[in-house]
Amino acid sequence: MSAVRPAVLDRPATPARRRPGVDAAGIWLALVSAAAFGSSGTLAKSLLETGWSPGAAVTVRIGGAALLLAVPAVVALRGRWDVLRRNAALITVYGLVAMAAVQLFYFNAVTTLSVGVALLLEYLGVVLVVLWLWLRHGQRPRSWTLVGVVLSVAGLLLVLDLTGGMRVDLGGALWGLGAAVGLAFYFVLSARETTGLPPLVMAAGGMVVATVALVVAGAVGVMPMTWAADDVRLAGALVPWWVPAGLLVVVAAALAYATGIASTRRLGSKLASFVGLTEVLFSVVFAWLVLGELPMPVQLAGGVLIVAGVLAVRYDELRERLDVLAGLDVIPGPDVVPDPDAVPDPESSPS
């Protein structure tokens, strides 16, 4: 959560609002989102082993979630179609970059890089969020945020257990860095609360755009599309293919994106991105429980470092907010939540 700006405090009817207990709720939503995203690798692996291509699995995941969230998104709009029209450009960019591009770039990266290296490159997007807030909003990272960056990156290195000799392909590395940019877009765009878009509407709209983009990518051959109707092995048992596919849709997409957007609006893009690093830890845990792939001690140590990094960033943001409020002689309420990535829009309504 970024520092509260004087201009925000001078106007009582701004996006900075008092929300009792919002921090705890935001953290829990972020952890639910990270866990949901973390389940995707384990679920997708069961499909990939039976002949599914990564592109087909991703398209089913995002397209199915778009259908699932369509009705709730319409209800959440409550007839405010003007809100949807005003934010059409935002939804389009969100779907193309924060959803479709991340998947497309990541799966292109793993064609020439190991999964661990590609995932590490993608999660450099967290560092890009800190840089964006510094360059765009003047939020220079303080000492504890820098400590959190170092701890979290070190934790990722340990959790991914990148050992042995590696040959990094330049093209694959560029695809991985592209995925990192897309991930940074996801956190920054998700934090825009003053758009008036309910989280469900933003998630569903972005998924529609992403699905169209993925289908086009498959049609032109950029992303191979193959699938099979064979039974798959999941948690040691044979189940129909639609079981992991359905979980990919409901849990790893619909639940993951909806809670992710809601948590990012509460926490701000920086803190939410660091909590999102726990997705890697959740991925390891799910692989252990469902696939029997036990985490190594070095991976458990990495998980501890990731949590320590999140706590360091959280501590720094609390200190920053209290310092600013003390300097302005303002007594904070239970919680003051500014939106660091959006310009106030007096016409928009709360989500």
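Everything here concerns the structure above.
Residues numbered from 1 in each chain as written. Predicted model: local features only at pLDDT ≥ 70, side-chain atom pairs only at ≥ 80, totals over all residues. Heavy atoms only, no water.

Asks: How should I be thinking about the overall build of the chain in this particular structure?
Replies: When its secondary structure is counted, the chain shows 14 helices and four strands. The buried share of the chain, taken over its 351 residues, is 52%. Within the chain, counting contacts between residues at least 6 apart in sequence, those at least 24 apart form 89% of the total. In the form shown here, the chain has an accessible surface area of approximately 15600 Å², with 71% of it arising from carbon and sulfur atoms. (Helix = DSSP H or I, 4+ residues; strand = E, 2+ residues; numbered from the N terminus. Buried < 20%, exposed > 50% of the residue type's maximum accessible area, 1.4 Å probe, protein only. Contact = heavy atoms within 4.5 Å. Areas by Shrake-Rupley, 256 points an atom, 1.4 Å probe, with all protein chains shown as cover.)

Asks: In this structure, what is going on with the environment of Leu124? I would like to understand it.
Replies: The topology assignment puts Leu124 in the loop between α6 (115-122) and α7 (125-137). For the pair Leu124 and Val149, spaced 25 residues apart in sequence, the C-alpha separation works out to 9.8 Å. Excluding residues within four positions of it along the chain, Leu124 makes contact with Leu177 and Ala180.

Asks: Would you mind going over the packing of aromatic side chains with me for this structure?
Replies: Both the distance between ring centres and the angle between the ring planes are used here to describe each pair of aromatic rings. Applying the stated criterion across every chain, the model contains seven aromatic pairs. Consider the rings of Phe37 and Tyr257, whose centres lie 4.9 Å apart with planes at 85°: the pair is edge-to-face. With Phe37 in helix α2 (residues 22-48) and Tyr257 in helix α11 (residues 242-267), the pair connects residues that are 220 residues apart, well separated along the chain. Like Tyr257, Phe37 is buried. Taking the centre distance of 6.3 Å and the plane angle of 35° together, the rings of Tyr94 and Tyr186 count as tilted. Taken together, the residues Tyr94 in helix α5 (residues 88-109) and Tyr186 in helix α9 (residues 170-190) connect sequence positions 92 residues apart. (Phe/Tyr/Trp six-rings, centres within 6.5 Å; stacked < 30°, edge-to-face > 60°.)

Asks: Sorry if this is basic, but what is going on with the packing of α5 against helix α10 (residues 199-219) here?
Replies: Axis angle and axis distance: for two packed helices, these are the angle between their axes and the distance between the axes, and together they describe the pair. Packing of α5 against α10 brings their axes to within 7 Å, and their N-to-C directions diverge by 60°. The chirality of how α5 crosses α10 is right-handed. Here α5 contributes Leu90, Ile91, Thr92, Tyr94, Gly95, Leu96, Met99 and Ala100 to the contact with α10, which in turn contributes Met202, Ala203, Gly205, Gly206, Met207, Val209, Ala210, Ala213 and Leu214. Per-class residue counts for the contact of α5 with α10 are 13 nonpolar, four polar and no charged. (Axes fitted to C-alpha atoms, helices over the stretch in contact; angles between N-to-C directions. Left-handed = near helix turned anticlockwise from the far one by under 90°. Nonpolar A, V, L, I, M, F, W, Y, C, P; charged D, E, K, R; others polar.)

Asks: Would you explain α10 in this entry?
Replies: For an α-helix the count is 3.6 residues per turn, leaving residues at separations of three or four pointing the same way. Look at α10: 30 Å from first C-alpha to last across 21 residues, which is about the 30 Å you get at 1.5 Å a residue. Taken from the residues just after α10, Gly221 is the one with a positive phi, measuring 90°. (Expected span 1.5 Å × (residues − 1).)

Asks: Would you take a moment to explain the pattern of salt bridges for this structure?
Replies: It is possible for side chains of opposite charge to pair when their charged atoms get near one another. Throughout the structure, instances matching the rule amount to one salt bridge. The residue Arg86 makes a salt bridge to Asp82 at a minimum N-O spacing of 3.2 Å. Here Arg86 and its partner Asp82 are both found in helix α4 (residues 81-86), four residues apart, which amounts to about one turn of the helix. Here Asp82 falls in the partly exposed class, since its relative accessible area comes to 34%. (Salt bridge = Lys/Arg side-chain N within 4 Å of Asp/Glu carboxyl O.)

Asks: Can you walk me through the nonpolar core in this structure?
Replies: Where a protein is soluble and globular, its nonpolar side chains tend to be buried together. In this structure, Tyr94, Met207, Tyr257 and Phe274 are the most contacted members of the largest nonpolar core, which totals 64 residues. Per element, the largest residue contribution to this core is 10 residues, and it comes from α5. Discounting residues that sit within four places of it in the chain, Tyr257 has contacts with Phe37, Ile62, Tyr94, Ala98, Met99, Gln103, Tyr186, Ala203 and Met207. Within the second largest apolar cluster, 13 residues are counted, among which are Leu43, Ala57, Val232 and Ala245. (Core = buried A, V, L, I, M, F, W, Y, C linked by side-chain atoms within 4.5 Å.)

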